[in-house]
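Chain residues, written in single-letter form:
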Amino acid sequence: MGIWIAILIVMFVLGSMMALKPSGIDQRLDKLRIEARRMQLNPKLVACPEWMQGRDNEMGRGMIGQYGLVLDNIKMPHTRYKAINGQWRADTSIESIKADTSTKLDIPTKVRTNTQTMTAKPMPKIDFSLDKLPLELPPSIEPFVKALVTQANSVIIYWEDVDYVRPSTNPAYKSYNIEPDLLVLKTQLEKWALQVQNAQKSAS
């Protein structure tokens, strides 16, 4: 009887340990993000912004990977692009947001006084310097890319990085491809940032 109790205890402990062990996908994702962090791509898991497609292609749904690169001696406007059919397309929905915010509202004097000290967040502008430009990213990354944002000295890409490591969506996954794939991503981010900056200089 005592032997059976000991066996049950051991099985319970082993079961608990297995439950705490990260899944294979989680381990792959950790490896991807650790490598991205080493390459200064600053990976984060964030709530999907409302203006881009998230889970099940619904706007602003779920969580999404955000990888950002900070560049010295770079100054860019706040712009937004969506990845559509392998190209960057300027986010023209910004125009409707600006129109909404420019509408005059009948605000009570008391409320208006209390809001005068609030600093308005600068609105992104419609920038066409990358419009219709091909993404030119590795085939293991490109299908999962959703959007690109530039602001100040940062260029940020949003993509479903979990799909990069998931066998059902990327059956060709190999851990040794992570570094070269991320290197191409980083190179492209630098290239796009320079194009946005140069276009701004030409326009001014």
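These numbers come from a predicted model, not from an experiment. (Residues numbered from 1 in each chain as written. Predicted model: local features only at pLDDT ≥ 70, side-chain atom pairs only at ≥ 80, totals over all residues. Heavy atoms only, no water.)

Caption draft 1: Region of interest: the packing of aromatic side chains. Under the definition given, this model contains four aromatic pairs. Sitting over the ring of W51, R80 keeps its end group 4.4 Å from the ring centre. (Phe/Tyr/Trp six-rings, centres within 6.5 Å; stacked < 30°, edge-to-face > 60°. Lys NZ or Arg CZ within 6 Å of the ring centre and 35° of its normal.)

Caption draft 2: Focus on the pattern of salt bridges. One pass over the full model with this rule turns up 10 salt bridges. Its salt-bridge partner being R61, residue D56 comes within 2.8 Å of it at the nearest N-O pair. Given the relative accessible area of 56%, D56 is considered exposed. Of the residues examined, R61 reaches a relative accessible area of 31% and is grouped as partly exposed. Across the salt bridge formed by R80 and D91, the nearest N and O atoms sit 2.8 Å from each other. Placement of R80 in strand 3 (residues 76–84) and of D91 in the loop between strand 4 (87–90) and helix 3 (93–102) is noted, with a sequence separation of 11 residues between them. R80 sits in the buried class, given a relative accessible area of 10%. Among the ionic contacts, a cluster of salt bridges with common partners joins E35, R38 and E179. (Salt bridge = Lys/Arg side-chain N within 4 Å of Asp/Glu carboxyl O. Buried < 20%, exposed > 50% of the residue type's maximum accessible area, 1.4 Å probe, protein only. Helix = DSSP H or I, 4+ residues; strand = E, 2+ residues; numbered from the N terminus.)

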